[in-house]
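# Commentary on secondary and tertiary structure
For reference, the chains in residue letters:
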Amino acid sequence: MAPSAKMKTHLFTSYDSYNDTSAATSFLTPTNIYLGSGIYYEHNRNMSIGVLPVCGRLFWLISDKLYPADHGLDPGKHASIAPGYKVETDMLWKITRGVSINNELSFFVPYSPKVFSNDIMMDWKLSGNFTVNRFFSAQLMFKLIFDKRVKSEYREWPQIQQKYSLKFTYAF
């Protein structure tokens, strides 16, 4: 059995749309903290699977800028704790020396049927990494997040994020 701890949060304030005045995220708000114990298996450093049958999720709103009801919390509450289980996978395919694909999937399912429908969390990230030469590299990333807690007129679940990046590296 191996212990596991993971924290996911935001550092900057963001809004749902350009004209929106209420914040969707703020510094360290919302924060998801996962603590658990389970088994991890790693195969050839290209694939790993983690099963955590004993895991807890702490969902916390630190800032007062966000409305608790928009994140599935009762009015007046700023945190919720849900015991459950978590599964994590990570696979890396090296197509050529300069091209690789990384696939990460994690999901958390609570034990209690009372909170079952609101606390399921799924996070899937698929990224392609391309090395042009020793100075330039590029990444294409697709991320799908299923978090039923998040409620807004601009955001529906599942949430989709795409990122395209070009990186210049120079070593002294």
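Above this text sits the structure in question.
All values derive from a computational prediction rather than experimental measurement.

Attention now goes to unusual backbone geometry. Of note, the amide linkage connecting Thr-29 to Pro-30 takes the cis form, showing an omega dihedral of -5°. Structurally, the position occupied by Pro-30 is in the loop between strand 3 (23–25) and strand 4 (31–43). Of note in this structure, Leu-28 is not a glycine but carries a positive phi near 60°. With respect to the element layout, Leu-28 can be found in the loop between strand 3 and strand 4.

What follows is about the packing of aromatic side chains. Scanning the model with the defined rule gives five aromatic pairs in all. Ring geometry for Tyr-85 and Tyr-111: centres 6.3 Å apart, planes at 40°, overall tilted. A residue pair is termed long-range when its members are at least 10 positions apart, and Tyr-85 in strand 6 (residues 79–94) and Tyr-111 in the loop between strand 7 (99–110) and helix 1 (113–119) qualify at 26 residues. Owing to a relative accessible area of 32%, Tyr-85 belongs among the partly exposed residues under this scheme. What makes Tyr-111 partly exposed here is its relative accessible area of 47%. Both rings, one in Trp-124 and one in Phe-142, keep their centres 5.7 Å apart while their planes meet at 75°; by these two values the pair is edge-to-face. Of this pair, Trp-124 sits in strand 8 (residues 121–131) while Phe-142 is found in strand 9 (residues 136–147), placing the two residues 18 residues apart along the sequence. Relative accessible area serves as the criterion here: at 26%, Trp-124 is assigned to the partly exposed category.

With that settled, the discussion passes to the sheet that holds strand 4. Adjacent strands of a sheet pair through backbone hydrogen bonds, lying either parallel or antiparallel. Ordered in space as 1-4-5-6-7-8-9-10, the eight strands form an open sheet in which the pairing is antiparallel. Looking at the sheet topology across the chains shown, the edges are occupied by strand 1 (2–8) and strand 10 (159–168). Each strand of the sheet is rotated relative to its neighbour by a mean of 20°, with strand direction disregarded. Bridge count for strand 8 against strand 9 is 11 bridges, and the pairing is antiparallel.

Quick notes on the rules
- Residues numbered from 1 in each chain as written.
- Predicted model: local features only at pLDDT ≥ 70, side-chain atom pairs only at ≥ 80, totals over all residues.
- Heavy atoms only, no water.
- Helix = DSSP H or I, 4+ residues; strand = E, 2+ residues; numbered from the N terminus.
- Phe/Tyr/Trp six-rings, centres within 6.5 Å; stacked < 30°, edge-to-face > 60°.
- Buried < 20%, exposed > 50% of the residue type's maximum accessible area, 1.4 Å probe, protein only.
- Pairing = 2+ DSSP bridges.
- Axes fitted to C-alpha atoms, helices over the stretch in contact; angles between N-to-C directions.

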